Structure formats: structure tokens, C-alpha cells
Amino acid sequence: MEAPAAPHNPAETRLTITSPEQMRELGRRLAKLLRAGDLVMLTGELGAGKTTLTRGLGEGLGVRGAVTSPTFVIARVHPSLGDGPPLVHVDAYRLSGGLDEMEDLDLDVSLPDSVIVVEWGEGKVEELADDRLRVVIHRAVGDTTDEVRHVTLTGLGRRWTEAALETLTA
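Attention here is on the structure that accompanies the text. It should be emphasised that the depicted structure is a prediction, and the values quoted were computed from it without experimental measurement.

About the thresholds
- Residues numbered from 1 in each chain as written.
- Predicted model: local features only at pLDDT ≥ 70, side-chain atom pairs only at ≥ 80, totals over all residues.
- Heavy atoms only, no water.
- Helix = DSSP H or I, 4+ residues; strand = E, 2+ residues; numbered from the N terminus.
- Buried < 20%, exposed > 50% of the residue type's maximum accessible area, 1.4 Å probe, protein only.
- Contact = heavy atoms within 4.5 Å.
- Areas by Shrake-Rupley, 256 points an atom, 1.4 Å probe, with all protein chains shown as cover.
- Pairing = 2+ DSSP bridges.
- Axes fitted to C-alpha atoms, helices over the stretch in contact; angles between N-to-C directions.
- Phe/Tyr/Trp six-rings, centres within 6.5 Å; stacked < 30°, edge-to-face > 60°.
- Lys NZ or Arg CZ within 6 Å of the ring centre and 35° of its normal.
- 1 Å grid on protein atoms, 1.4 Å probe; cavity = no way out; pocket = protein on both sides within 12 Å on 5 of 7 lines; lining within 4 Å.
- Points joined across faces, edges and corners; volume = space filled by probe spheres on them.
- Nonpolar A, V, L, I, M, F, W, Y, C, P; charged D, E, K, R; others polar.
- Expected span 1.5 Å × (residues − 1).
- Arc of directions from axis to C-beta.
- Core = buried A, V, L, I, M, F, W, Y, C linked by side-chain atoms within 4.5 Å.
- Parallel < 35°, antiparallel > 145°, perpendicular 65-115°, else oblique.
- Left-handed = near helix turned anticlockwise from the far one by under 90°.

## Here's the deal with the overall build of the protein
Looking only at helices and strands, the protein has three helices and seven strands in total. Traced from its N-terminal end to its C-terminal end, the protein shows the element sequence β-α-β-α-β-β-α-β-β-β. Every one of the 170 residues in the protein was classed for burial, and the buried ones make up 41%. Long-range contacts, defined here as pairs at least 24 residues apart, represent 66% of the contacts in the protein between residues at least 6 apart. Entry remark: accessible area of the protein is about 9,100 Å², with carbon and sulfur atoms responsible for 50%.

## Let's talk about the environment of Pro 112
Locating Pro 112 in the fold gives a position in the loop between helix 3 (99-103) and strand 5 (115-119). Assessed through its relative accessible area of 57%, Pro 112 is described here as exposed. The spacing of Pro 112 and Leu 39 is 73 residues in sequence and 9.6 Å in space, taken between C-alpha atoms. With near-sequence residues (within four places) excluded, Pro 112 lies in contact with Ala 36 and Gly 37.

## Some points on the sheet that holds strand 4 (residues 87-91)
Strand pairing in a sheet relies on backbone hydrogen bonds. The paired strands run either parallel or antiparallel. Strand order in the open sheet formed by seven strands is 1-7-6-2-5-4-3, and the pairing between neighbours is mixed. The open sheet has two edge strands with one neighbour each: strand 1 (11-17) and strand 3 (75-78). For this sheet the average axis-to-axis angle between neighbouring strands, irrespective of direction, equals 15°. In this structure, strand 1 lies alongside strand 7 (residues 149-156), joined through seven bridges in antiparallel fashion. Pairing of Glu 12 across the sheet is with Thr 154, part of strand 7.

## Focus on the packing of aromatic side chains
By the definition in use, this model includes zero aromatic pairs. Of note, Arg 159 hangs over the ring of Trp 160, and the distance from its end group to the ring centre comes to 4.2 Å.

## Notes on the layout of surface pockets
In this structure, the second largest pocket spans a volume of roughly 150 Å³. Surrounding the second largest pocket, 13 residues form its lining, Leu 46, Gly 47, Lys 50, Thr 51 and Glu 119 being those nearest its centre. Of the residues forming the lining of the second largest pocket, the biggest block, three residues, is contributed by helix 2 (residues 50-61). Taken together, the residues of the lining of the second largest pocket break down into four nonpolar, six polar and three charged.

## Comments concerning helix 1 (residues 20-31)
In this model, helix 1 (twelve residues) spans 17 Å end to end at C-alpha, consistent with the 16 Å of a helix rising 1.5 Å per residue. Here helix 1 has its buried residues at Met 23, Leu 26, Gly 27, Leu 30 and Ala 31. Projection of helix 1 onto a plane perpendicular to its axis shows the buried side chains occupying an angular sector of 135°, all on one side.

## Some words on the nonpolar core
Membership of the largest hydrophobic core comes to 28 residues, with the highest contact counts inside it found for Leu 26, Leu 30, Leu 133, Val 135, Val 151, Leu 153 and Leu 168. Broken down by secondary-structure element, the contributors of at least two residues to this core are strand 1, helix 1, strand 2 (39-44), helix 2, strand 5, strand 6 (132-139) and strand 7. Ranked by residues supplied to this core, first place goes to helix 1 with four residues. When near neighbours in sequence (up to four residues on either side) are disregarded, Leu 30 contacts Leu 57, Leu 133, Leu 153 and Leu 168. Within the second largest apolar cluster, ten residues are counted, among which are Leu 39, Met 41, Val 88 and Val 90.

## Considering the packing of helix 1 against helix 2
Where helix 1 contacts helix 2, the axes come no closer than 7 Å and their chain directions differ by 45°. Of the possible angle classes, the one that applies to helix 1 and helix 2 is oblique. Note that helix 1 runs across helix 2; the crossing there is right-handed. When helix 1 is examined against helix 2, the residues Pro 20, Met 23, Arg 24, Leu 26, Gly 27, Arg 28, Leu 30 and Ala 31 are found in contact with a partner set consisting of Thr 52, Leu 53, Arg 55, Gly 56, Leu 57, Glu 59, Gly 60 and Leu 61. Tallied by class, residues from the contact of helix 1 with helix 2 come to eight nonpolar, four polar and four charged.

Printed below as a string of C-alpha cells:
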């Protein structure tokens, strides 16, 4: 009788970010760890920095087009300017359903060939991939100009057990 497979403990890294430029730089550094087939789920309050982080990812991946919030178009595809994967940037905020509604988007690139970043995807896109990176951005809420963000990156699945998320803190 075989012993059950050991559960994969998620890889987790925590960072404190103090400016929008640092958030973009985190995106640029994170892009070096990403590859085609990766799903990145971004969670955080309005104004937390999800799109700013994705802008840095786009810069780091070397994709075409300005990375802006896809709120009104739901998804944008940014083709690679080199030999890297395209970036698919999705805003699931207005999507009430789960995976069915995501499939209805008819994205013209597939997950195995792209890096897919989904803002507001928690509870909606987990079924897309067993291996995914969950990025939670916490910021002070209310009437504040505080730029400090606490970012927690959690790698789920085999893909992230050796992804070296801890290098992002260096």
C-alpha cells in the first residue's frame, strides 16, 4: 500500500512596498520568475496597486502595449516583443460567475502559451490551474495618503515549490 502523497506546502513571501515605483519594480522582478502557463491571481482593495504591479510585469516580460486596467474590456492581450510569452491581463471584478464566465471571454491565447494575470480573480479562476501564484496586496483603507503596501505572494502547486519567491525580497 502506497503512502499518500505529502501535501505541498505553499511557498510564501512577504514584502513591504512604500511607493508605486517599488510596486512596479516588484512586478519587473517577479516577471523574471514567470513563464508560459503561469496563472497569477491579484487580490487587494481598490487602489492597492494591482494594475501598477501588472504594469511592472509587462515591462519585465517585454510585452507590447501600455498595461492599463482592463476594467471595461475585461481582458487585454499584450503580445511579447521578443521570444517570451504574451501577457493576458484580466479584470474579473464585474464577472459574477466563475470559470464558465472566464471561458466565455474567448481569449485568443491559451493558458499554456501565456502568463495570465487576473485581478479580482479569487473565487472565480482557481479551476484554471492547480499551480498558481496568489498575490494579496494590503493597504490602509479610509481617508489616507499612506503609500505603504504589504504584499504576500503565495505559490500554490508543484510549479511554485522551487520558484525561489524569496529572491524577491533581496
